[in-house]
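Spelled out, the chains give:
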Amino acid sequence: MSASAAHLLPRTPPARRAMQWIFGLAAFTYFVYLLWLFDFDRIFTGLPKLWIIVRLMIDWSQIAQWDHAELLRSMVETVAMAFLGTFLAVIFALPLGFMGARNIVPSRVFRFFARRIFDGCRGLDQFIWALVFVRAVGLGPIAGILAIMVAETGVLSKLFAEAIENIDTRQVDAIRSTGASRIAELRYGVLPQILPVLISQALYSIESNSREATILGLVGAGGIGLRLSERIQINAWDQVAYVIVLILITVALIDSLSRWLRLRLIGGPSQQA
Amino acid sequence: MTSADPAWQLFEQRFGALRRARRTESLLIFVILVLLFVVSAVWTDFAPARIIEGVPRIGEYFGKLFSIQPSENAPPEAVLAWQHVFGGVREPQSIAYWFYRFNVYAALLWQTVQMAILATVLGYCAAFALSFPAARTLTANRYVVFVSRRLLEFMRTIPQVVLAFILVWPFGIGPLAGVLAIAIHTTGSLGKLFSELSENADLRPVEGIRAAGGSWLAQMRYGVVPQMLPGFLSYGLLRFEINVRSSTIIGFVGAGGIGQELKRVIGFNIYEEVSAICILILLIVVAIDLLSERVRHRLIGALV
């Protein structure tokens, strides 16, 4: 139907139109109720205070006295945490992904439980895992690494399992027809097909985890977050802004590094799954 | 064909060279990875001795999460037992005993979900407005595009929890700071997605409206929006799922929701309540994911 025929279309029937109005009005009322529920009027008293904070943030005249060495060390620690956590997650997620894939493990019950475990790891935020691990292994980056590892294992296992389910089975059949063992089938039939997905996902996870890891320190799980929360608590707003800028630069650096690596290793975005 | 055949020999030679090259490359990548691993491990004190020492403690802590101590000096028991499962609130090892503060949690979870709804709506509207100036094909002025893109980038790169922590100072402890932090982040990430969608829009309707004398606003309203609506809505719902997760943790810095309660029970080591809250968070997150997936499929089906 061409656009010029639009006036020939039947108009919205009045009943439907009334329903749309009622629905729209209800949604709008609910929205206003939410604004009232969350004290949105406080925004007017808060804005002047926010302006004071912003003014303090952009005054960097004391920059020489800040503890740059400590901040940079924590920043590197954050990236190291993200790398270690993701690395371990990839190592754990690879066998788990195979266990959760329909074409590798035919047992329905087994697969169901494997998938529910992934959901459990994934459903709780990294931050909550960090809180739990801080209680279990004490303050420090180890709790953060374990938190990243557990949450990321859940995400990656699911993605790997899906990638394994989507492979081309003919390659596996060819390997099997030569009389190869089951392990050789997985190594030469399945692995080469999922390797691009694996690499690009792992790189992407390192990127997103270095973002996420910056906040884990707020609960004592190591990294720059601890320094940031100290500075917010003593209202050292100029240093807060400095730490945020540091985080933004680091994240941008890691993003471009990983984009470069992805292009080199798997040759262009067209091959990504 | 024998091994004396020159073609065969050439093949063998080239194949061998290729194999060697690939093997060296793989080895190099492996060595670099191991090196990075070791450096990171040393930097973060991730020593095997500390891990081995920590593993039993992790097990112990998770064990405690699922056990209760019915009275002061009694030995700890499992949190549930078959013979008591459906007992009342005063009967240890029953579901009711485990979740005895369910009404408190339910209220806080409801607040968490409502925070996510409001933050998504606010962020969606702001992202919608900002996505048109940020789309290269729709806005002629290069500086406007540049400024809106940098603004969106800035909004999505600051970690939400940090933003909430900062906003708690001017706006006071409570859900408002959390809502604003999540809304700002939502604006940044949805704005980017929306502008990318709009850049892929078919420009012929826009040209038609311009030819008829329509203003820039009319071009966007009648030329772009109708094409993009299904995509915008499904991205919005996806973002809502993510925002529910975020609002469960935003309470740790005093910005409202279930996170505040979770922080309290973890701090006071009320073990069975920690596991109870975590289970409820998990359930609500999964339920909302499923619900939103259904709505998304129906919406896309209805609009396309």
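Rules used in this analysis
- Residues numbered from 1 in each chain as written.
- Chains lettered and ligands numbered in written order.
- Predicted model: local features only at pLDDT ≥ 70, side-chain atom pairs only at ≥ 80, totals over all residues.
- Helix = DSSP H or I, 4+ residues; strand = E, 2+ residues; numbered from the N terminus.
- Rg over C-alpha atoms; globule rule 2.2 N^0.38 Å.
- Buried ≥ 20, exposed ≤ 12 C-beta atoms within 10 Å, placed from the backbone.
- Contact = placed C-beta atoms within 7 Å.
- Nonpolar A, V, L, I, M, F, W, Y, C, P; charged D, E, K, R; others polar.
- Domains from an automatic or database assignment.
- Expected span 1.5 Å × (residues − 1).
- Bend = angle between axes of the 7 residues up to and from the residue.

### A closer look at the overall build of chain B
Link 1 in the chain: Broken down by element type, chain B carries 11 helices and two strands.
Link 2 in the chain: Across chain B, helices and strands are ordered from the amino to the carboxyl terminus as α-α-β-β-α-α-α-α-α-α-α-α-α.
Link 3 in the chain: Taking 2.2 N^0.38 as the reference for a compact globule, 304 residues should give roughly 19 Å; the C-alpha atoms of chain B span a radius of gyration of 28 Å, well beyond that estimate.
Link 4 in the chain: With 304 residues in all, chain B has 34% of them scored as buried.
Link 5 in the chain: Taking the intrachain contacts of chain B between residues at least 6 apart in sequence as the baseline, contacts between residues at least 24 apart amount to 62%.

### Considerations on the interface of chain A and chain B
Link 1 in the chain: Counting residues at the interface gives 47 residues for chain A and 43 residues for chain B.
Link 2 in the chain: Counting residues per element, the side of chain A that touches chain B draws most heavily on helix 3 (residues 68–100) of chain A, which supplies seven residues.
Link 3 in the chain: Looking at the side of chain A that touches chain B, its residues break down into 32 nonpolar, seven polar and eight charged.

### A few points about the domain arrangement of chain B
Link 1 in the chain: Taken as a whole, chain B is organised into domain 1 (6–62), domain 2 (67–98) and domain 3 (102–303).
Link 2 in the chain: The straight-line distance from the C-alpha centre of domain 1 of chain B to that of domain 2 of chain B is 48 Å.

### Digging into helix 6 (residues 141–165) of chain A
All names here are of chain A.
Link 1 in the chain: The first and last C-alpha atoms of helix 6 sit 35 Å apart over 25 residues, in line with the 36 Å expected at 1.5 Å per residue.
Link 2 in the chain: The largest bend along helix 6 reaches roughly 25° and is located at threonine 153.
Link 3 in the chain: Burial analysis of helix 6 places 22 of its 25 residues in the buried class, which makes it a mostly covered element.

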